[in-house]
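# Structural description and commentary
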There are 2 protein chains.
Amino acid sequence: MALPLAPFVATYWPHILSALLCFVLGSVFARAFSTVPPYGRRRRHSSVADGPLDPPPNDEENTLRVPYSLPGYGDGEMVRRSDRFYREMDTRRSVRDISDQPVPIEVIENCLRTAGTAPSGAHKQPWTFVAISSPEVKLEVRHIIEEEERINYEKRMSEQWLKDLELIGTGWSKPYLTRAPYVIIVFKQQFAVTEEGEKKTHYYQEISASIATGFLLVALHNAGLVTVTTTPMNAGPRLRALLDRPVGEKVLVLLPVGHPEEDATVPDLRRKALGEIMVLKD
Amino acid sequence: MALPLAPFVATYWPHILSALLCFVLGSVFARAFSTVPPYGRRRRHSSVADGPLDPPPNDEENTLRVPYSLPGYGDGEMVRRSDRFYREMDTRRSVRDISDQPVPIEVIENCLRTAGTAPSGAHKQPWTFVAISSPEVKLEVRHIIEEEERINYEKRMSEQWLKDLELIGTGWSKPYLTRAPYVIIVFKQQFAVTEEGEKKTHYYQEISASIATGFLLVALHNAGLVTVTTTPMNAGPRLRALLDRPVGEKVLVLLPVGHPEEDATVPDLRRKALGEIMVLKD
């Protein structure tokens, strides 16, 4: 097959070589000047964060509207309620010292129901919560994560990152993954498949599933439970396979859930003051 | 300057042309085969969702740990608390019929303080909340968004999208943006700038700022207020400029906040049942 081309190649090899070289150079430049941050590609500004305003709350042909009202607290009561709620939430912390004291499944269910009340782009509710109490499955999850974490620590993480981690004493070992009575893995659904087998992209799925995770964290704290919001680097596909989730679902965060150990400690860090996070235009 | 090159160009122009052509081809291919979904570039799976597990809670040299405990409710009390909280949150809805009844700034402040208690990647707290009560600024925000929305509706949105929107009766006009006593714009901070002028990328900023938005939505509802979570398509850069936010900050969501109108209505939609969002491995 290649033989008839041989004289051509012999004559024009400098042209062919320069063409190939320039092709490679072009592709390298194109990649270099696309918006690639140090740790992977990210969405362009016009993508999710700037998706369509006011998406339809329902894509079914459903225009029926119903009245909506709230208790309607007075100003003083609103101030008191919001202050009390803030003080309560300010006692929440990410805790890694989780005890093996059992937690009733009803509490987990109610907290996940609460997560499900979150708003979402076009009301797609693009989230799946896998709650694991099975010791065998928790052990497999731990194996997967520790295996990846060992590689992360040994090969994938920068020296600066490792130094940062040394300071707080974390490592690839994650005992809380088998000790906590529940491990909840939050999946974001990138698309839905209709009955006709058609893929329907879910917009805002990362924002939506993260907002729902926010609702879940508040609900867990309100119930008296602790967790630590973790993002299992490079373990997502293996976790998805282990838990039989469809291809369209991606691991968003992983939450070991339970009571704090009696001697639990947390890093002594501070939260930004209101003036550091709020800008008022009045 | 170019003249001495003229004989060279005259002789070798086919080579130069083919080199240029291949450079362009290479760059086109590189772009075509990068992971670009229909609505813009997105993160690769190994990026944010799979970021490092257990990031350091603080990147300052701070290893001090403090004891942590919680009230420790009994099982029955946990079930009751979680059930009550779910029922309360289940009454929350996205409301576009917002009245001009004033809201005390203390309530907004407490709700934003609550948002600030959310966890974040490496405790970077990568969020800024701009709360607007100034009628002039709200009007400018409305102008920007309505101008972009008019183009969105006329040129940028698909026919299917427009059809969906027709059904619920939305359009480019957003009266609630000037009527609501407060408009809160949530910015995610893509990086921080150190005192030495060095850029420090914030990982997980979209997940983190969205989780904080979840906390904010819960806090607003708890205070008796309503909002609608919107994402202003293509208006982000102009809003950032209007509000004098630094380049590293990007609009995540926009929330008009206030009391519901007396005759407020919401679409009659349903939330997925627990069995549709929860998978139990026990």
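Residues numbered from 1 in each chain as written. Chains lettered and ligands numbered in written order. Predicted model: local features only at pLDDT ≥ 70, side-chain atom pairs only at ≥ 80, totals over all residues. Heavy atoms only, no water.

### Observations concerning the overall build of chain A
In plain terms, the rule: Secondary structure elements are defined from DSSP: runs of H or I of at least 4 residues count as helices, runs of E of at least 2 residues count as strands, and each element is numbered from the N terminus. Burial status follows relative accessibility: with a 1.4 Å probe on protein chains alone, a residue under 20% of its type maximum counts as buried, one over 50% as exposed, and anything between as partly exposed. Residues count as neighbours in contact if any of their non-hydrogen atoms are within 4.5 Å of one another. Every accessible area reported is derived by Shrake-Rupley at a probe size of 1.4 Å, with residue values counting cover from the shown protein chains alone.
From N to C terminus, chain A includes nine helices and eight strands. Residues counted as buried form 54% of the 282 residues belonging to chain A. Long-range contacts, defined here as pairs at least 24 residues apart, represent 81% of the contacts in chain A between residues at least 6 apart. Split by element, the accessible area of chain A, about 12,800 Å² in all, is 56% carbon and sulfur.

### Digging into the nonpolar core
Under the convention used in this document: Take the buried Ala, Val, Leu, Ile, Met, Phe, Trp, Tyr and Cys residues and link them wherever side-chain atoms come within 4.5 Å; each set so joined is a nonpolar core.
Counting residues in each nonpolar core, the largest one holds 70 residues, and the members touching the most others are F129(A), I184(A), F129(B) and I184(B). Dropping the residues within four chain positions of it, I184(B) is found in contact with I108(B), L112(B), F129(B), V130(B), A131(B), L216(B), V253(B), L254(B), L255(B) and V257(B).

### Here we look at the pairing of strand β2 (residues 127-132) of chain B
Quick reminder of the rule: At least two DSSP bridges between two strands are required for those strands to pair.
Of all six residues in β2(B), six are buried; the element is thus mostly enclosed. The side-chain alternation of β2(B) yields two buried faces, one formed by W127(B), F129(B) and A131(B) and the other by T128(B), V130(B) and I132(B). Note that strand β8 (residues 278-281) of chain A and β2(B) share four bridges and pair parallel. Its bridge partner being in β2(B), M278(A) is matched across the sheet by F129(B). Here six bridges tie β2(B) to strand β3 (residues 182-189) of chain B, and the two strands are oriented antiparallel to one another. Directly across from A131(B), in β3(B), lies its bridge partner I184(B).

### Quick word on the sheet that holds strand β8 (residues 278-281) of chain B
To summarise the sheet geometry, strands pair through backbone hydrogen bonds and adopt either a parallel or an antiparallel arrangement. Cut-off, in case you're wondering: Axis angles are defined between N-to-C directions and span 0 to 180 degrees, where every axis is a line fitted to C-alpha atoms and, for a helix, only to the segment in contact.
Ordered by their spatial adjacency, four strands build an open sheet running β6(A)-β3(A)-β2(A)-β8(B), and the pairing between neighbours is mixed. Two strands bound the open sheet, and with one partner strand each, they are β6 (249-257) of chain A together with β8 of chain B. Each strand of the sheet is rotated relative to its neighbour by a mean of 20°, with strand direction disregarded. The strands touched by helix α4 (residues 135-156) of chain A within the sheet are β2 (127-132), β3 (182-189) and β6 of chain A, with β2(A) carrying the most contacts at an inclination of about 110°.

### Observations concerning the side chain of R93(A)
The cut-off we apply is this: Counted charges follow a simple rule, with Lys and Arg positive, Asp and Glu negative, and His plus the chain ends left uncounted. We define a salt bridge as a side-chain nitrogen of Lys or Arg found within 4 Å of a carboxyl oxygen belonging to Asp or Glu. Any pair of N or O atoms that falls within 3.5 Å is considered a polar contact. Within protein, one atom must be able to donate a hydrogen and the other to accept it, and sequence-neighbouring residues count only if both atoms are side-chain atoms.
Secondary-structure assignment places R93(A) in the loop between α2 (75-89) and α3 (105-115). Here R93(A) is buried and forms no salt bridge, its nearest opposite-charge partner D268(A) lying at an N-O distance of 5.8 Å. For R93(A), the side chain forms a polar contact with the main-chain oxygen of P267(A), separated by 2.6 Å. Setting aside residues up to four positions removed in sequence, R93(A) forms contacts with T227(A), V266(A), P267(A), L269(A), R271(A) and Y68(B).

### Brief notes about the packing of α2(A) against helix α7 (residues 205-222) of chain B
Going by this rule: Left-handed describes a crossing whose near helix is turned anticlockwise from the far helix through less than a right angle; right-handed describes the clockwise counterpart. The classification used treats Ala, Val, Leu, Ile, Met, Phe, Trp, Tyr, Cys and Pro as nonpolar, Asp, Glu, Lys and Arg as charged, and all other residues, Gly among them, as polar.
Contact geometry of α2(A) with α7(B) gives a least axis separation of 9 Å together with a crossing angle of 145°. As for the relative orientation of α2(A) and α7(B), their crossing is right-handed in sense. Here α2(A) contributes R81(A), S82(A), F85(A) and M89(A) to the contact with α7(B), which in turn contributes F215(B), V218(B), A219(B) and N222(B). A breakdown of the residues in the contact of α2(A) with α7(B) according to their chemical character gives five nonpolar, two polar and one charged.

### Observations regarding the confidence of the model for chain A
How we decide: For every residue, the predictor states its confidence as a pLDDT score lying anywhere from 0 to 100.
On average, residues of chain A carry a pLDDT of 83, and 76% of them reach 70 or more. With pLDDT under 50 throughout, residues 30-61 of chain A is counted as low confidence; its partners more than four residues away or in other chains account for 115 contacts.

### Points about the pattern of salt bridges
Counted according to the given criterion, the structure contains 28 salt bridges over all chains. Between E206(A) and K188(A) there is a salt bridge; the shortest N-O distance is 2.7 Å. Placement of E206(A) in helix α7 (residues 205-222) and of K188(A) in strand β3 is noted, with a sequence separation of 18 residues between them. As far as burial versus exposure is concerned, E206(A) and K188(A) are alike and both buried. In this structure, R238(B) and E147(B) form a salt bridge, with 3.4 Å as the shortest nitrogen-oxygen distance. Residue R238(B) is found in helix α8 (residues 236-242), and its partner E147(B) is found in helix α4 (residues 135-156); the two are separated by 91 residues along the sequence. Residues joined by salt bridges that share partners form a network here, namely E147(A), E148(A), R156(A) and R238(A).

### Let's talk about unusual backbone geometry
Positive phi values are uncommon outside glycine, yet H123(A) reaches one of about 55°. Position of H123(A) relative to the elements: it lies in the loop between α3 and β2. Non-glycine residue Q125(B) carries a positive phi angle of around 50°. Locating Q125(B) in the fold gives a position in the loop between α3 (105-115) and β2.

### A short note on the sheet that holds β8(A)
With mixed pairing, four strands are arranged side by side in an open sheet as β8(A)-β2(B)-β3(B)-β6(B). Every interior strand has two partners, whereas the edge strands, β8 of chain A together with β6 (249-257) of chain B, have only one. Across the sheet, the mean angle from the axis of one strand to that of its neighbour is 20°, orientation sign disregarded. This element, α4(B), spans β2, β3 and β6 of chain B of the sheet and lies at about 110° to β2(B).

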